[in-house]
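This is what each chain is made of:
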Amino acid sequence: GSRAMMRNGHVGIGFTEDEVMMAAGEPDDVEHLENGLYNWIFKRSNNKLLYVHFDGSGVVTKTSTKDGPKPKGTSTTRKGAKAGSATWKQRKATPL
C-alpha cells in the first residue's frame, strides 16, 4: 500500500501533497504550469531530480526523474562540454 511506499521514500500516483511530504519531504522547487497543474521537484543525492506531477486538485498524476545539472569542473563528453573547453583555451591563450 501507500504507507509502505512512504516509509521507503517512494511517491506514488494518487498521493496527496501531504503524503508526498511524508514520503519525500519538502520539495526543493515548485514549477507552476498552465491549467492549474504543477510539479514538485526534489533534488536526489545521486544528482537526479525527481519530478512529482500534480493535477489541479493536488493529487499526483505521475512521477519522473531527470538528470540534475552537472557539477562544474567535471569533464563530460556531452555536446555542451566542447564549447566550454574552447572558451577556456581562448582565455588561457590571451596575454595578460
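Before any of the text, the structure's been laid out above.
Residues numbered from 1 in each chain as written. Predicted model: local features only at pLDDT ≥ 70, side-chain atom pairs only at ≥ 80, totals over all residues. Heavy atoms only, no water.

**A few points about the pattern of salt bridges**
Convention followed: The rule for a salt bridge is simple: a side-chain nitrogen of Lys or Arg has to be within 4 Å of a carboxyl oxygen of Asp or Glu. To qualify as a helix, a DSSP run of H or I must reach at least 4 residues; to qualify as a strand, a run of E must reach at least 2; elements of each kind are numbered from the N terminus. Using a 1.4 Å probe on the protein chains alone, a residue whose accessible area is under 20% of its type maximum counts as buried, one over 50% counts as exposed, and one in between counts as partly exposed.
Scanning all chains against the criterion turns up one salt bridge. Linking D67 and K48 is a salt bridge whose minimum nitrogen-to-oxygen distance equals 2.5 Å. Of this pair, D67 sits in strand β4 (residues 60-67) while K48 is found in strand β3 (residues 48-54), placing the two residues 19 residues apart along the sequence. Residue class for D67 comes out partly exposed when judged on its relative accessible area of 42%.

**A closer look at the packing of aromatic side chains**
Given two aromatic rings, their pairing is described by the distance between the two centres and the angle made by the two planes. Quick reminder of the rule: Ring pairs are drawn from Phe, Tyr and Trp, using the six-membered ring of Trp, whenever the two centres fall within 6.5 Å, and their geometry is named by plane angle: stacked under 30 degrees, edge-to-face over 60, tilted for the rest. The rule for a charge over a ring is simple: NZ of Lys or CZ of Arg within 6 Å of the ring centre, and within 35 degrees of the ring normal.
Taken as a whole and assessed by the stated rule, the structure comprises three aromatic pairs. For the pair W40 and F42, a centre-to-centre distance of 6.4 Å together with 70° between the ring planes defines the contact as edge-to-face. A relative accessible area of 5% places W40 in the buried class. The buried category is assigned to F42, whose relative accessible area is 2%. The ring of Y51 carries the charged tip of K66 above its face, separated from the ring centre by 4.2 Å.

**Side note on the sheet that holds β3**
So the rule is basically this: Two strands qualify as a pair provided DSSP detects at least 2 bridges between them. Lines are fitted to the C-alpha atoms to define the axes, a helix being fitted only along its stretch in contact, and any angle between axes, read from their N-to-C directions, falls within 0 to 180 degrees.
In spatial order, the strands read β1-β2-β3-β4; together these four strands make up an open sheet with antiparallel pairing. Only two strands of the sheet have a single partner each, and these edge strands are β1 (29-32) and β4. In this sheet, neighbouring strand axes are inclined to one another by 20° on average, regardless of whether the strands run parallel or antiparallel. As defined by bridge partners, β1 adjoins strand β2 (residues 38-43) across four bridges and the pair is classed as antiparallel. Its bridge partner lying in β2, E31 is registered against N39.

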